[in-house]
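# Structure assessment
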Amino acid sequence: RMAAAPPSYCFVAFPPCSKDGLVVFGKNSARPRDEVQEVVYFAAAAHDPGSKVECTYIEIEQVPKTHAIVLSRPSWLWGAEMGANEHGVCVANEAVVTREPASESEALLGMDLVRLGLERGATAKEALDVIVALLEEHGQGGNYYEDASSCHTFQSAFLIVDRNEAWILETSGKYWAAEKITEGVKCICNQLSLTTKIDAEHPELRNYVRSQGWWNGDSDFNFSEVFSLAHDHLACCSGRESLEKQGGDVSAQAMIDVLRDKDSGVCVDSESFLTTASIVSVLPQDPSFPCVHYFTGTPDPSRSIFKPFIFVDDVKLVPKVQSPSFGNDDPAKKIPRFQEKPDRRHELYKAHEWARSLLENDQDKGQKLMRIMLDLEKQGLEAMEDILTRTEVLDPAEVVDLFYDCVDTELKFFK
């Protein structure tokens with residue numbers, strides 16, 4: 001049997017479900033428990049003709065220009081679990097299992113496609129077009145985990161969002177289908193969710209599934225039914241109800257609350273998997289306002305705080321949430337891969353380990369620390385709310401150190 005896909009959850013809420021003309025996006029990234037995620041920023045860049053880009057396992061053609069991006073990613077790989085670009089596009093992926101076995105041959109990972117979509121797409125639809133073109137050209141495959149003992153492979157689903165619309169893209173091999181969303185609340189998790197409402201698809205999709213004998217062409221074409229393993233196709237989203245209960249008030253805070261909820265299963269903390277990082281993004285539909293992206297950079301959102309990031313020129317880099325780099329000596333880059341596991345913990349991750357042991361061993365001190373942390377988070381959320389409701393244009397100088405300062409303050413509390 002194929003290994004179960006890690007149970008990550010992604011959400012998007014559009015008006016009228018969300019507050020004041022805001023699109024709100026969120027993801028909990030469930031990954032192997034001891035994996036470290038870092039938060040990294042890459043500036044926009046121009047590239048020479050004919051240059052290549054080295055993804056996690058394979059090299060592909062580079063494009064003339066890549067957008068500025070901020071990513072939350074497992075620190076051993078090139079791509080990302082989730083992230084955003086300077087144009088207000090957010091992308092997150094889910095590992096899914098379909099009736100088509102995922103390829104063990106090294107190709108693009110779903111996580112590489114997240115980053116490539118963000119680097120190359122200025123709208124959600126552009127990012128989708130980039131991802132499906134690369135899928136057609138290079139395919140998807142290779143180990144999803146930093147694990148020498150076995151190869152864990154999955155197909156990919158994506159939630160791709162901008163200020164105006166979202167696309168749910170689900171794939172199996174190079175075949176795909178997508179649904180466009182412009183209102184309400186949507187959740188995707190680690191199983192297929194597209195049914196008969198398909199707004200774009202691989203041109204050969206229906207011929208292919210007919211040739212496999214998975215669909216006879218007479219009934220309505222239902223993507224999940226055709227591609228899911230028989231027992232797998234369930235309604236997945238426990239978090240969706242919590243967001244719908246908010247009425248028309250889904251805000252950054254409401255999304256954070258949903259991501260922190262362990263009882264619903266959205267915040268994963270199991271024997272094999274942990275929510276190793278989380279993101280919430282607020283995308284105002286009015287383009288004169290900036291998008292705000294909140295990252296934890298640490299595991300378990302119920303014990304982490306969401307820190308805001310806004311794209312401006314010369315944004316200050318934050319080495320304290322970046323893992324050490326091992327360059328070409330990285331065991332993930334050598335073949336055979338993953339023969340050793342280097343210590344990838346960054347400074348904030350280490351501080352959190354200390355805080356976690358405090359929470360577990362000294363309830364009073366732990367609770368007190370958590371209250372201070374949440375208060376710090378609240379100040380950040382309120383400051384961002386102020387930026388998103390004021391009339392004058394944001395001065396970039398005001399937020400160039402924003403994420404840096406938040407991480408710095410968080411570390412000071414742990415000292």
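Since the structure is predicted, the reported quantities are computational estimates derived from the model, not experimental observations.

### A short note on the overall build of the protein
For the protein, the helix and strand inventory stands at nine helices and 18 strands. Taken against the 2.2 N^0.38 rule, which gives 22 Å for 415 residues, the C-alpha radius of gyration of the protein at 20 Å falls within 12% of a compact globule. Expressed as lengths along the three principal axes of its C-alpha atoms, the size of the protein is roughly 60 × 50 × 50 Å. Scored against the burial criterion, the 415 residues of the protein give a buried share of 59%. Intrachain contacts of the protein at a sequence separation of at least 6 include 69% that bridge at least 24 residues. Counting only carbon and sulfur atoms, one obtains 48% of the accessible surface of the protein, whose full area is about 17300 Å².

### With respect to the sheet that holds strand β8 (residues 69-74)
Taken together, eight strands build an open sheet; the order of strands is β3-β8-β9-β10-β11-β12-β13-β15 and the sheet is antiparallel. Since the sheet does not close on itself, it has two edges, and those belong to β3 (37-42) and β15 (200-201), each with one partner. Along the sheet, helix α2 (residues 124-138) makes contact with β10 (90-96), β11 (155-161), β12 (166-172) and β13 (175-181), crossing β12 at roughly 10°.

### Here we look at the pattern of salt bridges
Summed over all chains, the structure comprises 30 salt bridges. Across the pair E106 and R337 runs a salt bridge whose closest N-O atoms are separated by 2.7 Å. Here E106, found in the loop between β10 and α1 (110-120), pairs with R337, found in the loop between β18 (307-309) and α7 (347-361); they are 231 residues apart in sequence, far enough to count as distant. The class of R337 is buried, set by a relative accessible area of 12%.

### With respect to the side chain of N222
By the secondary structure assignment, N222 is in the loop between α3 (205-211) and α4 (223-227). With a relative accessible area of 10%, N222 lands in the buried category. Contact partners of N222, with chain neighbours within four places excluded, come to L194, T195 and T196.

### Digging into the nonpolar core
The biggest cluster of nonpolar side chains holds 94 residues, and the ones touching the most others in it are F11, L159, V161, F223, V280, Y294 and I310. The element best represented in this core is helix α8 (residues 363-389), accounting for eight residues. L159 has contacts with C10, F11, V12, F25, C90, V91, A92, A166, W167, I168 and I188, leaving out every residue within four places of it along the chain. Among the nonpolar cores identified, the runner-up in size contains 47 residues, and I58, W76, L108 and A124 belong to it.

### Some thoughts on the sheet that holds strand β2 (residues 22-32)
Overall, antiparallel pairing links the six strands, which are arranged β14-β1-β2-β16-β17-β18 in an open sheet. Whereas interior strands pair on both sides, the edge strands pair on one side only; in this sheet they are β14 (185-188) and β18. For this sheet, the mean inter-axis angle between neighbouring strands, taken without regard to orientation, is 15°. Pairing geometry for β2 and strand β16 (residues 273-284), over 11 bridges, is antiparallel. Bridging across to β16, F25 finds its partner in S281.

### Observations concerning the side chain of D162
Structurally, the position occupied by D162 is in the loop between β11 and β12. Nearest to the buried, unbridged D162 among oppositely charged side chains is R163, at 8.0 Å. Engagement of the side chain of D162 in a polar contact is seen with the backbone nitrogen of A124, the distance being 2.9 Å. Here N164 takes part through its backbone nitrogen, which lies 2.8 Å from a polar atom of the side chain of D162. Each residue touching D162, except ones within four places of it in the same chain, is listed here: V23, G88, V89, T123, A124 and L283.

### Considering the environment of T123
In this structure, T123 sits in the loop between α1 and α2. In this structure T123 comes out as partly exposed when scored by relative accessible area, which is 32%. Apart from residues no more than four positions distant in its own chain, T123 is found in contact with V89 and D162.

### A few points about unusual backbone geometry
In this structure, P16 follows P15 across a cis peptide bond, with omega equal to 5°. For the bond running from I335 to P336, omega is -5°, close enough to zero to count as cis. By the secondary structure assignment, P336 is in the loop between β18 and α7. A positive phi is found at D300, a non-glycine position, where the angle reads about 60°. Among the residues examined, D300 registers a relative accessible area of 4% and is labelled buried. The phi torsion at D314 lies on the positive side, around 60°, for a residue other than glycine. On the accessibility criterion, D314 (69% relative accessible area) is exposed.

Rules behind the numbers
- Residues numbered from 1 in each chain as written.
- Predicted model: local features only at pLDDT ≥ 70, side-chain atom pairs only at ≥ 80, totals over all residues.
- Heavy atoms only, no water.
- Helix = DSSP H or I, 4+ residues; strand = E, 2+ residues; numbered from the N terminus.
- Rg over C-alpha atoms; globule rule 2.2 N^0.38 Å.
- Buried < 20%, exposed > 50% of the residue type's maximum accessible area, 1.4 Å probe, protein only.
- Contact = heavy atoms within 4.5 Å.
- Areas by Shrake-Rupley, 256 points an atom, 1.4 Å probe, with all protein chains shown as cover.
- Pairing = 2+ DSSP bridges.
- Axes fitted to C-alpha atoms, helices over the stretch in contact; angles between N-to-C directions.
- Salt bridge = Lys/Arg side-chain N within 4 Å of Asp/Glu carboxyl O.
- Core = buried A, V, L, I, M, F, W, Y, C linked by side-chain atoms within 4.5 Å.
- Lys, Arg positive; Asp, Glu negative; His and termini not counted.
- Polar contact = N/O pair within 3.5 Å; in protein donor to acceptor, adjacent residues only side chain to side chain.

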